[in-house]
Amino acid sequence: LPAIAGTAMLWVRISRPAAGEPRAGWIAIAASFVLAGPVLMARFNIDPQGVGLDICQRFHLLPVLLLAVPVSAAFELACARITREGAAELVCVAAFAGLMIANLPRLAAVHTPAVELGVRNTLRSLPPLAVAVVTGDDQCFGARYVQLVLGERPDVAVVCAGLLPVRSYRAAWQAHGLVMPPTSGPRLAKALLATARPVLVDQQLTAIVSAFPSYPFGVLVRVLPPT
């Protein structure tokens, strides 16, 4: 219902903008919503089943945020007769609580320790002082959570391949003795192997896996020097 109200409100405000509101602003919001929502999703070649459905829903967040503006305008119109602030606040809290309760069964189904256990098991399996270059958000940020909050395997260096182009990220690792290039190719593997520490990389880093001797090591790949 809020989505329908927000979409309708977009056209209402475009055709008859309120006092002090430029029509161009509402047109810009409508165009942004269409581009970030239906147009973007139409380019997805993902089966909306299982994990694929979660991926699609994740990309719904941006258009939902854009639609929140006309939805709030619709609520303003619907609640115009409510003159007491306390009553308005009560309606908002009740609506939020109702949505949260309705979503509890789904949250209970997906909020499991599976990712945390997977990251912990990966860290526990690595050799001492290993350097693991990962690509997935769950491994990248999940490993840092497990290390910093739970105290698991602080000796392992978990490097996020996607953050290597960021100069400050590389500088932080350089302070810990790891000097790395801004790319995740063979140069990175060569620099890490020079430290004489065990080097493991994500299977998706095919440029490294194909350039060096390697073998599977759990969900990662152990990379060896050319010799």
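These remarks concern the structure in this document. (Residues numbered from 1 in each chain as written. Predicted model: local features only at pLDDT ≥ 70, side-chain atom pairs only at ≥ 80, totals over all residues. Heavy atoms only, no water.)

Take helix H2 (residues 23–42) next. Working note: α-helix, 3.6 residues per turn, so residues spaced by three or four point in the same direction. The end-to-end C-alpha distance of H2, which contains 20 residues, comes to 27 Å, matching closely the 28 Å that a straight helix rising 1.5 Å per residue would cover. Within H2, the axis deviates most sharply at Leu 35, by approximately 30 degrees, and proline Pro 38 lies no more than four positions further along. Among all positions in H2, only Trp 26, Ala 30, Phe 33, Ala 36, Gly 37 and Met 41 are buried. Those residues of H2 hidden inside the fold are in contact with helix H1 (2–15), helix H3 (51–58) and helix H4 (61–78). (Helix = DSSP H or I, 4+ residues; strand = E, 2+ residues; numbered from the N terminus. Expected span 1.5 Å × (residues − 1). Bend = angle between axes of the 7 residues up to and from the residue. Buried < 20%, exposed > 50% of the residue type's maximum accessible area, 1.4 Å probe, protein only. Contact = heavy atoms within 4.5 Å.)

This paragraph deals with the pairing of strand E1 (residues 131–134). Within a regular strand, side chains alternate between the sheet's two faces. Side-chain alternation along E1 places Val 131 and Val 133 on one buried face and Ala 132 and Val 134 on a second face that is also buried. Pairing of E1 with strand E2 (residues 157–160), which is carried by four bridges, proceeds in the parallel orientation. Directly across from Ala 132, in E2, lies its bridge partner Val 158. This β-α-β element, E1 to helix H7 (residues 137–148) to E2, shows right-handed connectivity. Sheet analysis places E1 next to strand E3 (residues 199–202), joined by three bridges and oriented parallel. Bridge pairing in E3 links Ala 132 to Leu 200. (Pairing = 2+ DSSP bridges. Right-handed = clockwise from strand over helix to strand, strands pointing away.)

The next thing to look at is the packing of H1 against H2. It is at 8 Å that the axes of H1 and H2 come closest, and there the two elements cross at 150 degrees. One finds that H1 runs roughly antiparallel with respect to H2. Seen along the crossing, H1 lies across H2 with a hand that is left-handed. Each of Leu 10, Arg 13, Ile 14 and Ser 15 in H1 lies in contact with H2, whose residues at this interface are Arg 23, Trp 26, Ile 27, Ile 29 and Ala 30. Looking at the contact of H1 with H2 residue by residue, the classes come out as six nonpolar, one polar and two charged. (Axes fitted to C-alpha atoms, helices over the stretch in contact; angles between N-to-C directions. Parallel < 35°, antiparallel > 145°, perpendicular 65-115°, else oblique. Left-handed = near helix turned anticlockwise from the far one by under 90°. Nonpolar A, V, L, I, M, F, W, Y, C, P; charged D, E, K, R; others polar.)

Turning next to the environment of Val 110. Assignment of secondary structure puts Val 110 in helix H5 (residues 85–110). Judged by relative accessible area, Val 110 falls into the partly exposed class, the value being 41%. Note: C-alpha distance between Val 110 and Thr 206 (96 residues apart in sequence) is 31 Å.

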